[in-house]
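# Report on the structure
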Amino acid sequence: MAAGPGQLYICGTPIGNLEDITLRALRVLREVSLIAAEDTRHTRKLLAHFGISTPVVSLHEHNEAQRTPQILERLMKGESVALVSDAGMPLIQDPGQGLVRAAAAAGIPITVIPGPTALVAALAGSGLPTDRFAFEGFLPREARRRRAHLEALKDDPRTLVFYEAPHRLQAALADMLAVLGDRPACIARELTKVHEEWQRDSLSGLVRQWAGRTPQGEFVIVVAGASPHEDEPAAVTDDAVILERLRAHIRAGADKKAAVRAVAAELRLPRRTVYQAALALPGEGAAPGADAAPGSGTPEN
Ligand code: SAM
């Protein structure tokens, strides 16, 4: 009698702390014929830690198209395969979608072994509403597209959850503040690891906290949804935030006049307000040639 198809397991693994692996995940990883892993070296370290010697093949965004039929063939022959990623749940900003879709289309039984995922851990600890949320993954890298993406979210009443790379954290926070307005937010850094850190603050407070600090590690940003009473994002009036944004533009090569103009547009403030804040910058009393003189006071945005 011909053997039926095998089983595909989508297997969650820890997002840092190895104690977060489940007993079921360990059993499945031990019992399957093959483990399909995002990075075989990374997964072999996890397996070695738990004394598991199951064969591992790579399955990542660059080889998914050619690897999927090979794995599917083994599943059709009756072998069982576990899909894992480097951290957390596979398919959550990680590879595996193609294999799962192909297995489902081929009638292969699919079982999920749930494990930790950074977005749920961050949301749960954020202190922000959890009844409705939108997971946005990574924002676009390019500033213009990132802002456009945020613009499309600014009226969404659901709590927003983002993943972000350390070198883009400050730019992402500044854009969130500029586009979404000053809302309650939370940064969850290095979850489940030795240097786990939680910052529950307004977006302007987070911009301030990260000014001059080099972000390191892994980050989830959770941001409150749009308030139903808010037509426009709240104006940012905190001098420290204005100064931080002015310094960022000047560091990026803008002169003070251009920096004042850019920050006024970014934070939706009258140029005069930004000009006043710029007086505190070292070296000179005012942004040279700032075209909204103190006292003119007409909001320009
Ligand atoms: N599949 C993973 C999951 O289930 O969360 C996510 C993989 S995605 C490629 C990696 C991103 O997830 C990181 O850049 C970070 O934004 C977030 N992340 C993963 N582990 C984290 C941790 N321990 N603490 C905070 N964020 C984490």
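Model, not experiment: these values are computed from the prediction.

## Examining the packing of helix H3 (residues 64-76) against helix H4 (residues 97-105)
Two elements in contact, H3 and H4, have axes whose closest approach is 9 Å; the angle formed by their N-to-C orientations is 35 degrees. Considering the relative orientation of H3 and H4, their crossing is right-handed. Two secondary-structure elements touch here, H3 through Glu 64, Thr 68, Ile 71 and Leu 72 and H4 through Gln 97, Gly 98, Leu 99, Ala 102 and Ala 103. For the contact of H3 with H4, the residue count by class is five nonpolar, three polar and one charged.

## Examining the sheet that holds strand S7 (residues 159-164)
Taken together, the five strands give an open sheet; going across it, the order is S6-S7-S10-S8-S9, and neighbouring strands pair in mixed fashion. The strands lining the two open edges of the sheet, one partner per strand, are strand S6 (133-138) and strand S9 (197-202). Each neighbouring strand pair of the sheet contributes to a mean axis angle of 15 degrees, computed without reference to strand direction. Of the pairings in the sheet, the one linking strand S8 (residues 184-189) to S9 comprises six bridges and is antiparallel in character. Each residue of the ladder has a partner; that of Ile 187, found in S9, is Gln 199. Where helix H7 (residues 169-180) meets the sheet, its contacts fall on S7, S8 and strand S10 (219-223), and the angle it forms with S10 comes to roughly 10 degrees.

## Some remarks on the site of the ligand
The ligand sits among 19 residues. The nearest are Asp 94, Thr 117, Tyr 163, Leu 191 and Phe 219. Residue Leu 191 places a main-chain N or O atom 2.8 Å away from a nitrogen atom belonging to the ligand. Across the complex, the protein chains shield 90% of the 570 Å² of accessible surface that the ligand would expose by itself. Of all the secondary-structure elements, those providing two or more residues to the shell around the ligand are S7 and S10. A per-class count over the shell around the ligand returns 11 nonpolar, three polar and five charged. Among the domains, domain 1 (8-116) and domain 2 (119-223) are the pair contributing at least three residues each to the shell around the ligand.

## Some details on the sheet that holds strand S3 (residues 56-58)
What the five strands build is an open sheet, ordered S3-S2-S4-S1-S5; its pairing is parallel. Every interior strand has two partners, whereas the edge strands, S3 and strand S5 (110-113), have only one. The average angle at which neighbouring strand axes cross in this sheet is 25 degrees, direction not considered. Taken together, the three bridges between strand S2 (residues 34-37) and S3 define a ladder with parallel strand orientation. Of the residues in S3, the one forming a bridge with Ile 35 is Val 56.

## A closer look at the side chain of Ser 85
Turning to its location among the elements, Ser 85 is positioned in the loop between strand S4 (81-84) and H4. Among the residues examined, Ser 85 registers a relative accessible area of 2% and is labelled buried. Among the polar contacts listed, one links the side chain of Ser 85 to the side chain of Asp 94, at a separation of 2.9 Å. Each residue touching Ser 85, except ones within four places of it in the same chain, is listed here: Thr 13, Glu 38, Thr 43, Pro 90 and Asp 94.

## Description of the pattern of salt bridges
All told, the structure shown has 14 salt bridges when counted by the stated rule. Between Glu 73 and Lys 77 there is a salt bridge; the shortest N-O distance is 3.5 Å. Judged by its relative accessible area of 46%, Glu 73 falls in the partly exposed class. Salt bridges sharing common partners tie together Arg 146, Arg 147 and Asp 175.

## As for the confidence of the model for the protein
When pLDDT is averaged along the protein, the result is 89, and 90% of the positions lie at 70 or above. Across residues 284-301, confidence stays below pLDDT 50; counting only partners more than four residues off in sequence or on other chains, it has 36 contacts.

## Structural notes on the packing of helix H8 (residues 203-210) against helix H9 (residues 239-251)
Contact pair H8 / H9: the axes reach a minimum separation of 9 Å and the direction vectors enclose 55 degrees. Compared by their axis directions, H8 and H9 come out oblique. Like other packed secondary-structure pairs, H8 and H9 cross with a definite hand, here left-handed. Every residue of H9 that contacts H8 at Ser 204, Val 207 and Arg 208 is listed here: Ala 240, Val 241 and Glu 244. Residues that form the contact of H8 with H9 fall into these classes: three nonpolar, one polar and two charged.

Analysis parameters
Residues numbered from 1 in each chain as written. Predicted model: local features only at pLDDT ≥ 70, side-chain atom pairs only at ≥ 80, totals over all residues. Heavy atoms only, no water. Axes fitted to C-alpha atoms, helices over the stretch in contact; angles between N-to-C directions. Helix = DSSP H or I, 4+ residues; strand = E, 2+ residues; numbered from the N terminus. Left-handed = near helix turned anticlockwise from the far one by under 90°. Contact = heavy atoms within 4.5 Å. Nonpolar A, V, L, I, M, F, W, Y, C, P; charged D, E, K, R; others polar. Pairing = 2+ DSSP bridges. Near = heavy atom within 4 Å. Polar contact = N/O pair within 3.5 Å; in protein donor to acceptor, adjacent residues only side chain to side chain. Areas by Shrake-Rupley, 256 points an atom, 1.4 Å probe, with all protein chains shown as cover. Domains from an automatic or database assignment. Buried < 20%, exposed > 50% of the residue type's maximum accessible area, 1.4 Å probe, protein only. Salt bridge = Lys/Arg side-chain N within 4 Å of Asp/Glu carboxyl O. pLDDT = per-residue confidence, 0-100. Parallel < 35°, antiparallel > 145°, perpendicular 65-115°, else oblique.

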